[in-house]
Amino acid sequence: MKLATVAFYGFALGLLAVGLRELLTGFEENRCSMTYMFEYPEYRRVALPRRVARLYPAYGLYLYGEGLYAQETRALKLTGAPVLFLPGNAGSHKQARSLGSVALRKAENVEGGLHFNVFTVDFNEELVALYGGSLLRQTHFLHESIKAILRLYKHLKTPPQSVVLVGHSMGGVVARALFTLPRFNTNLVSLIITQASPHLAPVLALDPYLLDFYSAVRQKWVNQAKKLRNVTVLSVGGGYRDYQVRSGLTSLPCTPGDPNKLSLVATAVPRTWVSTDHLSIVWCKELVLATVRAFFDLIDPETRQFTVNPEKKMAVLNHHFIRHPVRMLGETQDTSISILDFPEAWSEVNTLRLAYSTPKEGQVKYFLFALSSRRKAYSHFYCRSNNLEMTSWLYSCVHKNGSSCVQAVDLSMGTELLPPYKILILSLSDLSSVTHLVVSASNLNGKQFTVECEWQRQESQTLSVPVPHVLSSGLTVSDVSVNSSGLLHTIKLQHFDQVYQAFRISVTSQCKVTKERLPNVYRIHVPWFREDSLTTASVPSVTEISGMLHTSRPDNASGVLLQLHTAPNCQYKVSVRTSLPRVLGQILRFCGPMVPVYTAVTLLQACGGQLSTILKSKRAADMSLVVAKGLQPHKVNLPVYILHILLGCSWFQEVWSFLYLPAMDALPPTHPDGGSPEGVASVEEWPLLLSPLLYILGAAVAYWGSTLLRLIMRLISLIIAPLHRPSVSRDCGTLRLRTQLLVALSLTVVGGVFCGALAIFAAFLLHLYRLLRLQMTERSLSHMLNLAPRKHRETDNGTVDAESLSKSKECNGAPLLSECALQEVRDDLQLHLCLSALFTLPVMLIAPSLLHWTRNLRYSTQLDPDPCWLCSVPLIIVYILLINCNTVILSNSKLLPLTACLPLPLSIALVTFSPLHLYRVTYFLLATLVPLALCCLL
């Protein structure tokens, strides 16, 4: 039985390890280019008013500079456009160097001395993603910093009226929180760009301040969406390399009709097309260049400051982050142009496809395509060119003279940029008044490139393939073959719409004729969110693509498409199979916060099992056995699922509200946020269906974690054993009543004056000391009994005399060296091992508060606000009281039968109310530990 238990939990740990490996390492290599500083970076501190410096001693405001620019700005006489960078969780203000350096280098090539002043805020590298008590303080300091920045430009004739904010991680959330301040002037910020910022919900809610902060920000931006329409916000997610903040959380909570809010993933940004991890998104050269180019296009030439026109801002952001047409934004070019070239430069194309490579010698070349004979048979015109210059290249002919066109309308603004070439797809139904299309293949500069165009029938070039079931584990394959007679093929991936699905998509290309061809581009297009991913492949080749989603499909959206930009006259085979490791990785990515909840449930059930064993036999069971039996999904998950079903009934909702019960907790939604004012998302079905698997993973953590705790205690007890006198009493390490009162009072004062987490941690260490003393006593007794001679009087038949045995057990009420004394110590040891495993959970949940307090000791000795203060007093008292607990006291307590029944209903409540509010785990554990502590008194 024990071997089967170890094998089962070993298998569960293996599943968890596979999922974690896929989550942490199962992605493409980092293809971001590093940004380099060509001169030594300098950070000049900006003086703030004394009031601000006194209120926020740990924070600071700096101006980035390097080389000659740093020398010129020493007096802080600034003339550029202000940009303020906000670091995120544990982020340094020096992360602004990539943005600042690229902006300085770019400004050197711009006429008129146009440049930016990049400021950065030092938030003391606080862990605001885990401790929310500092978020409001950071928001107020940001407000003061913006006002201080704008004061530096008072000497200008047209000083800037606003500052552009670039926020990384939690810095982006703080930037949006500015607008919740009652005295904040919304005109001070008109553009916010966030990088890997979890706008939808916190990654882990370890204290109530974090959720209250998010709730206030959401209500402000959703309820007052009309007032904030002039504020443009762009949110960029990192993609699958960012395992700290999944890209679905970077979606902005906003109403669907708000045109000034954009959410996208870095893999879909033109000229970037890479996934970034949580830190590299700050220095990724491709993304930094896109941001800086957008900044220069956002400058108003008259004021030399950032434009306040919302339409202009959105046009620029769409240009650099969404589509990137070939013509630069803002160029004064008429859509109607005249073509005065020689007739011999024209060629009319009568075939279905054009493939043309320009010669080395520069020439003027145009191709003319007649629409009249193609309208009935074809629906679209597709054209691509690997000439990536920002020039117009495709027109609709308005006036034709013989074999040439003399007047045309530019259609190039519909061009889309892909990694190896630009493409343009025209629908013939939109060109009803056009008779001819003109494609320019002129290369006056002698640059060689290739142009390929064709007429397409979209229906015949669109195929469908159902993806395998998520439980197929790669044993079944869905494949489709494409005999490429065209340049673009679309494959609909049917039933691919949930984030827990993950596939390995293999594309094999084969060509009969070997020649130089344009590379293939395979694109996974997600219609409901800008999370497209592109893969470039040579011809022929075998390419594997990861098929995963950052967001689930809303009800009214179309399905995922696999677009193949192919080479003509080649064969392609697309195979789709489920990848079990990636499925596990996706489950952990989206449901990871549920694992510690189920770990707590398992330990809570183990505690209940231990108490039931003591109640029945007055003996404690082995810790590994009770933890192994803590996996009881039929008792925990089934009632939770029934509650979910009942909450769909109106009468049950009324009863639920009448009892003033909080809403059933749920993880953040996986679909793009629709911007509901309440912010209460409906509970999705699939995490509930996956709850048994999550329970197994959480139980594996509890089982092997408790095993590790036992091994660590044995190792430490061996190390410190020489420092203690050997003991044979089960009361070793206990405290007298007066000492208990003194220690509890002292730790309560420490928690109130300094930090509640510190007091809880100290009480936890005292209990660990009791556990170590029990471990040493158990070892000492075992060694003594092995060395002691047997003094029991044997009867004639060889059995031990009962009278002799009873006398050896007790002499004048004092325990002697006996198997009975050893068993009592072992019982207490197993009991306290189980309690220590349970005590570890609150300590781990309060660790961020303790870390924040220690890192800010030089500024303040008191943690304010302290999320642990309310629970610190009962936790301290419980920890101190349970130090003296043993199996005899518990078995004689009248409260034990009631206490042994509490873990199961509390486990159900834990799963119901704690997935998003992880700090509630401590409250539910307290509800079990308080009655248990009372058992020691009553």
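This section reports on the structure supplied with the text. Since the structure is predicted, the reported quantities are computational estimates derived from the model, not experimental observations.

1. Some words on the side chain of R779
Mapped onto the secondary structure, R779 falls in helix α19 (residues 756–787). One buried charged side chain, R779, makes no salt bridge at all; its nearest oppositely charged neighbour is E778, positioned 6.0 Å away. Within polar-contact distance, the side chain of R779 engages the backbone oxygen of R714 at 3.5 Å. In contact with R779, not counting residues within four places along its chain, are R714, S717 and L718.

2. Overview of the environment of K447
Looking at where K447 falls in the secondary structure, it is placed in the loop between β20 (436–440) and β21 (450–456). Spatially, the C-alpha atom of K447 lies 6.7 Å from that of K360, the residues being 87 residues apart in sequence.

3. What about the sheet that holds strand β28 (residues 541–548)?
Strand order in the open sheet made by the four strands is β23-β30-β25-β28, with antiparallel pairing throughout. Looking at which strands have only one partner, the edges of the open sheet turn out to be β23 (477–484) and β28. In this sheet, adjacent strand axes meet at a mean angle of 15° when their direction is disregarded. Across eight bridges, the pairing between strand β25 (residues 502–511) and β28 is antiparallel. Bridge assignment links T508 to a residue of β28, and that residue is V542.

4. With respect to the nonpolar core
Proteins that are soluble and globular tend to have nonpolar side chains buried together. Counting 151 residues, the largest nonpolar core has I491, L493, I505, L562, V574, Y879 and L882 as its most contacted members. Top element by residues in this core is helix α21 (residues 819–855). It accounts for 16 residues. Dropping the residues within four chain positions of it, Y879 is found in contact with I760, A763, F764, H767, F839, P842 and V843. Of all hydrophobic cores here, the second largest spans 96 residues; its members include L48, L61, C284 and L317.

5. Focus: the packing of helix α9 (residues 285–297) against helix α10 (residues 310–321)
Where α9 contacts α10, the axes come no closer than 9 Å and their chain directions differ by 150°. Relative to α10, the element α9 is oriented roughly antiparallel. The interaxial crossing formed by α9 with α10 has right-handed handedness. On the side of α9, the interface is formed by L287, A290, T291, R293, A294 and D297, while α10 contributes K312, V316, H320 and F321. Classifying every residue of the contact of α9 with α10 by side-chain character gives five nonpolar, two polar and three charged.

So, how was this worked out
- Residues numbered from 1 in each chain as written.
- Predicted model: local features only at pLDDT ≥ 70, side-chain atom pairs only at ≥ 80, totals over all residues.
- Heavy atoms only, no water.
- Helix = DSSP H or I, 4+ residues; strand = E, 2+ residues; numbered from the N terminus.
- Buried < 20%, exposed > 50% of the residue type's maximum accessible area, 1.4 Å probe, protein only.
- Lys, Arg positive; Asp, Glu negative; His and termini not counted.
- Salt bridge = Lys/Arg side-chain N within 4 Å of Asp/Glu carboxyl O.
- Polar contact = N/O pair within 3.5 Å; in protein donor to acceptor, adjacent residues only side chain to side chain.
- Contact = heavy atoms within 4.5 Å.
- Pairing = 2+ DSSP bridges.
- Axes fitted to C-alpha atoms, helices over the stretch in contact; angles between N-to-C directions.
- Core = buried A, V, L, I, M, F, W, Y, C linked by side-chain atoms within 4.5 Å.
- Parallel < 35°, antiparallel > 145°, perpendicular 65-115°, else oblique.
- Left-handed = near helix turned anticlockwise from the far one by under 90°.
- Nonpolar A, V, L, I, M, F, W, Y, C, P; charged D, E, K, R; others polar.

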